[in-house]
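# Geometric and topological summary
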Amino acid sequence: PIDPEAMFKQGFLDDVYKERPVKNVITRFPPEPNGYLHIGHAKAIAVNFGFAKYHGGVTYLRFDDTNPEKEEEKYFDAIQEVVKWLGFEPYKITYSSDNFQKLYDLAEKLINIGKAYVCYCEDTEIKLQRGGEKGANPRYRCKHADQTTEDNLAKFRDMRDGKYKPREAFLRMKQDITDGNPQMWDLAAYRIKTDTPHHRTGWDWKIYPTYDFTHCLCDSFEDITHSLCTTEFILSRVSYEWLNKSLEVYEPMQREYGRLNLTGTVLSKRKILKLVEEKIVRDWDDPRLYTLIAIRRRGVPPWGHSGIHRFEQSIRKYLEKTVPRLMMILDPVPVVIDDAEEIELDVPFSPKDPKMGSHKVKFTPTVYIDRSDFREEDSKDYFRLAPGKSVGLLHAPYPIKATSFTKDEATGKVTEIRAVFDKELKKAKTYIQWVGTAGSRKVEARIHNALFKSEKPEDAEGGFLKDLNPESEVIYHDALIESGFDEVKRRAPWPEAAGESELGKGGPESIRFQALRVAYFAVDSDSTDDKIVLNRIVSLKEDAGK
Ligand code: ATP
Ligand code: MG
Ligand code: MG
């Protein structure tokens with residue numbers, strides 16, 4: 001879980017607060033609704049919502065919807081849902097587009113005070129004005145910068161009224177080209193866009209404000225006290241402050257925190273889309289991806305990842321203490337125990353936490369064990385089942401000793417093992433999981449491994465699509481799970497830890513358990529009434545399954 005003391009009481013975010021130690025902290029999380037949020041956004045959410053919450057303040061969820069060409073309705077709902085899933089409640093949901101008129105009026109004000117002009121230059125020309133390649137030539141302004149205020153106003157209104165085509169003209173801030181910071185070199189404030197209707201304002205507007213013009217002003221309108229963004233905006237801080245100051249509006253304080261980067265995967269929307277389109281993954285929520293809907297589907301609890309760079313370890317540590325244990329067999333092979341009878345066992349859901357309770361499991365004369373726990377030939381350094389060798393069965397009355405086995409000639413696979421109880425052996429060297437024939441059921445278990453072979457798929461020769469791990473999804477179609485599963489399902493969401501269960505409610509992914517000696521699993525949304533599909537959330541130990 002996020003540790004507010006560690007995150008906000010010390011270090012960078014504590015310093016940010018001390019720079020402006022106000023009573024009513026107001027922050028915002030400002031996603032552009034142009035895709036599903038990913039694990040990096042979870043950090044942004046934790047920082048912005050967490051900071052305000054820690055100081056008793058509030059947070060706006062602001063959709064930064066100023067680019068109709070890239071934004072889609074479906075993302076609005078997905079983003080809201082994910083924020084809620086992470087356990088945060090927006091103070092208000094707002095839209096940058098709600099301020100289009102206000103922003104427009106301020107653009108006219110900026111023109112009126114001589115700090116904006118309508119420019120007709122093309123990209124190549126603008127590059128030269130800004131110093132050209134590597135800043136080889138001196139920076140200069142075009143003649144449009146010398147237009148009169150009246151002229152600029154008239155031209156800006158022409159832009160608004162559709163008298164220009166896209167790219168023919170744009171509104172430019174008149175900043176300070178002698179400043180060493182490129183964010184001061186007369187940035188664009190408004191562009192013409194007439195091809196796509198805006199999802200909220202339809203065809204009302206033919207001009208749209210840029211990020212540099214919009215963001216600081218929307219922060220100001222909402223009385224944001226601390227505007228927290230990622231470090232690639234450090235240079236933008238200067239233009240952010242310049243615009244608010246120039247227009248004499250309330251000035252929020254922008255500060256920048258480190259972006260979260262995850263190796264071994266891709267986060268870019270364009271690249272994920274490629275994986276989806278080429279059917280390399282199931283969809284945007286494929287458990288191998290690191291979008292938040294994928295992480296959720298995989299069964300990762302929303303409060304389970306604070307130290308995100310040690311993502312899996314922290315999930316494991318959390319699940320270890322909070323979810324029940326069950327016995328499950330991925331690749332079953334039957335063991336017929338000649339001298340066994342059916343008995344009912346009372347098995348605790350957790351070896352350490354009696355509060356989790358226990359459930360009944362039937363031990364039957366035939367049990368299934370995992371193929372990997374049997375060897376046709378014994379050896380000295382091997383401690384599981386083999387002919388003549390004994391192994392313990394978890395919770396069962398006695399260890400068993402294999403007496404013989406049968407094999408399918410065609411496939412070479414063992415089809416049945418015969419065994420007897422080894423009543424002399426008090427304690428076996430190893431105890432393995434098993435599943436009886438009564439009450440157990442067949443399930444599909446999906447094991448997800450890294451989607452890519454290397455840590456930096458983007459740098460791979462031939463691009464990230466050439467770096468795919470062919471073993472990224474391994475499916476066991478005939479896995480078997482014990483009868484305790486029904487109770488685990490009934491009592492979901494897991495973990496049941498006080499107060500937290502509310503967040504994980506609803507989805508099948510909140511049915512979580514540890515399959516003893518196998519891995520942590522959660523129920524997948526592909527499950528139906530007659531077929532259970534499981535996702536591996538994480539392995540039991542760090543390197544397993546890599
Ligand atoms: P991407 O390009 O990956 O889609 P983005 O920055 O375009 O990311 P936005 O919707 O604009 O996505 O982001 C909303 C907020 O989330 C911004 O404040 C942004 O700085 C923050 N954010 C995005 N990616 C990360 C990341 N990897 N780590 C931390 N914060 C991030
Ligand atoms: Mg983006
Ligand atoms: Mg963005």
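Look up a bit, the structure's there.
Residues numbered from 1 in each chain as written. Chains lettered and ligands numbered in written order. Predicted model: local features only at pLDDT ≥ 70, side-chain atom pairs only at ≥ 80, totals over all residues. Heavy atoms only, no water.

### A closer look at the overall build of the protein
Of regular secondary structure, the protein possesses 14 helices and 25 strands. Relative to its length of 546 residues, the protein is extended, with a C-alpha radius of gyration of 30 Å against a globular reference of 24 Å. Here the protein, with 546 residues, has 52% of them falling under the buried criterion. In the protein, the proportion of contacts linking residues at least 24 apart, taken out of those at least 6 apart, comes to 69%. A total of about 25,900 Å² of accessible surface is found on the protein, and carbon and sulfur atoms cover 48% of it. Considering the protein, the positive charge centre built from 85 side chains and the negative charge centre built from 90 side chains are found 2 Å apart. (Helix = DSSP H or I, 4+ residues; strand = E, 2+ residues; numbered from the N terminus. Rg over C-alpha atoms; globule rule 2.2 N^0.38 Å. Buried < 20%, exposed > 50% of the residue type's maximum accessible area, 1.4 Å probe, protein only. Contact = heavy atoms within 4.5 Å. Areas by Shrake-Rupley, 256 points an atom, 1.4 Å probe, with all protein chains shown as cover. Lys, Arg positive; Asp, Glu negative; His and termini not counted. Charge placed at Lys NZ, Arg CZ, Asp CG, Glu CD.)

### Considering the packing of aromatic side chains
Enumeration according to the criterion identifies 26 aromatic pairs in this entry. Judged by centre distance (5.5 Å) and plane angle (70°), the rings of F374 and F405 are edge-to-face. Note that F374 is positioned in the loop between β15 (366-370) and β16 (390-393) and F405 in strand β17 (residues 400-407), a separation of 31 residues in sequence. Residue F405 is classed as partly exposed on the basis of its relative accessible area, which comes to 28%. Aromatic pair F485 and F513: ring centres 6.2 Å apart, planes at 80°, arrangement edge-to-face. With F485 in helix α13 (residues 485-490) and F513 in strand β23 (residues 512-515), this residue pair connects regions lying 28 residues apart in the sequence. Judged by relative accessible area, F485 falls into the buried class, the value being 1%. (Phe/Tyr/Trp six-rings, centres within 6.5 Å; stacked < 30°, edge-to-face > 60°.)

### Notes on the sheet that holds β15
In spatial order, the strands read β19-β16-β17-β18-β12-β15-β20; together these seven strands make up an open sheet with mixed pairing. The two strands at the open ends of the sheet, each matched to only one other strand, are β19 (431-432) and β20 (435-436). Pairing between strand β12 (residues 332-337) and strand β18 (residues 414-421): three bridges, direction parallel. Bridging across to β18, I337 finds its partner in A419. (Pairing = 2+ DSSP bridges.)

### Quick notes on the nonpolar core
Membership of the largest hydrophobic core comes to 65 residues, with the highest contact counts inside it found for M328, F485, F513, F521 and L534. It is helix α3 (residues 39-54) that contributes the most residues to this core, eight residues altogether. Counting 35 residues, the second largest nonpolar core, distinct from the first, contains F156, Y164, A189 and L247. (Core = buried A, V, L, I, M, F, W, Y, C linked by side-chain atoms within 4.5 Å.)

### Notes on unusual backbone geometry
Between A492 and P493 the backbone carries a cis peptide bond, its omega angle lying at 10°. Along the chain, P493 turns up in the loop between α13 and α14 (501-504). Phi is positive for E248, which is not a glycine, with a value near 55°. With respect to the helices and strands, E248 occurs in the loop between α9 (236-246) and β9 (253-257).

### Quick notes on the site of ligand 1
In the vicinity of ligand 1 lie 13 residues, with E32, H38, T230, L260 and K269 positioned nearest. Between ligand 1 and the protein, one listed contact pairs a nitrogen atom with a side-chain N or O atom of Y257 at 3.4 Å. In this structure, a nitrogen atom belonging to ligand 1 sits 2.9 Å away from a main-chain N or O atom of L260. Here ligand 1 loses 83% of its free accessible area of 590 Å² to cover by the protein chains. The residue makeup of the shell around ligand 1, split by class, is six nonpolar, four polar and three charged. (Near = heavy atom within 4 Å. Polar contact = N/O pair within 3.5 Å; in protein donor to acceptor, adjacent residues only side chain to side chain. Nonpolar A, V, L, I, M, F, W, Y, C, P; charged D, E, K, R; others polar.)

### Overview of α9
Helical periodicity: at 3.6 residues per turn, an α-helix aligns residues three or four positions apart in one direction. Turning to α9, its buried residues are S236, S239, Y240, W242, L243, N244 and S246. Elements in contact with the buried residues of α9: α5 (100-112), β5 (170-173), α8 (211-221), β8 (226-230) and β9. Once α9 finishes, E248 follows within two positions and takes phi at roughly 55°, a positive value.

### Quick word on the packing of α8 against α9
Between two packed helices, what matters for the description is the angle formed by their axes and the separation of those axes. Running from N to C, α8 and α9 point in directions that differ by 60°, and their axes come no closer than 9 Å. The orientation of α8 relative to α9 falls into the category oblique. In the packing of α8 onto α9, the handedness of the crossing is right-handed. Contact with α8, carried on its side by D212, F213, H215, C216, L217, D219 and S220, involves S236, S239, Y240, L243 and N244 of α9 and no other residues of that element. For the contact of α8 with α9, the residue count by class is five nonpolar, five polar and two charged. (Axes fitted to C-alpha atoms, helices over the stretch in contact; angles between N-to-C directions. Parallel < 35°, antiparallel > 145°, perpendicular 65-115°, else oblique. Left-handed = near helix turned anticlockwise from the far one by under 90°.)

### Description of the environment of L217
Here L217 is to be found in helix α8. Separated by 146 residues in the primary sequence, L217 and E71 place their C-alpha atoms 21 Å from one another. Not counting the four nearest positions on each side in its chain, L217 is found in contact with L103, L106, L243, N244, L247 and V249.

### Some words on the pattern of salt bridges
Considering all chains together, one arrives at 50 salt bridges under this definition. Linking E256 and R237 is a salt bridge whose minimum nitrogen-to-oxygen distance equals 3.0 Å. Of this pair, E256 sits in strand β9 while R237 is found in helix α9, placing the two residues 19 residues apart along the sequence. E256 sits in the buried class, given a relative accessible area of 8%. According to the relative accessible area criterion, R237 is partly exposed, its value standing at 26%. The network of salt bridges with common partners includes R282, D285, D286, R288, R297, E444, R446, E473, D524, D526 and K531. (Salt bridge = Lys/Arg side-chain N within 4 Å of Asp/Glu carboxyl O.)

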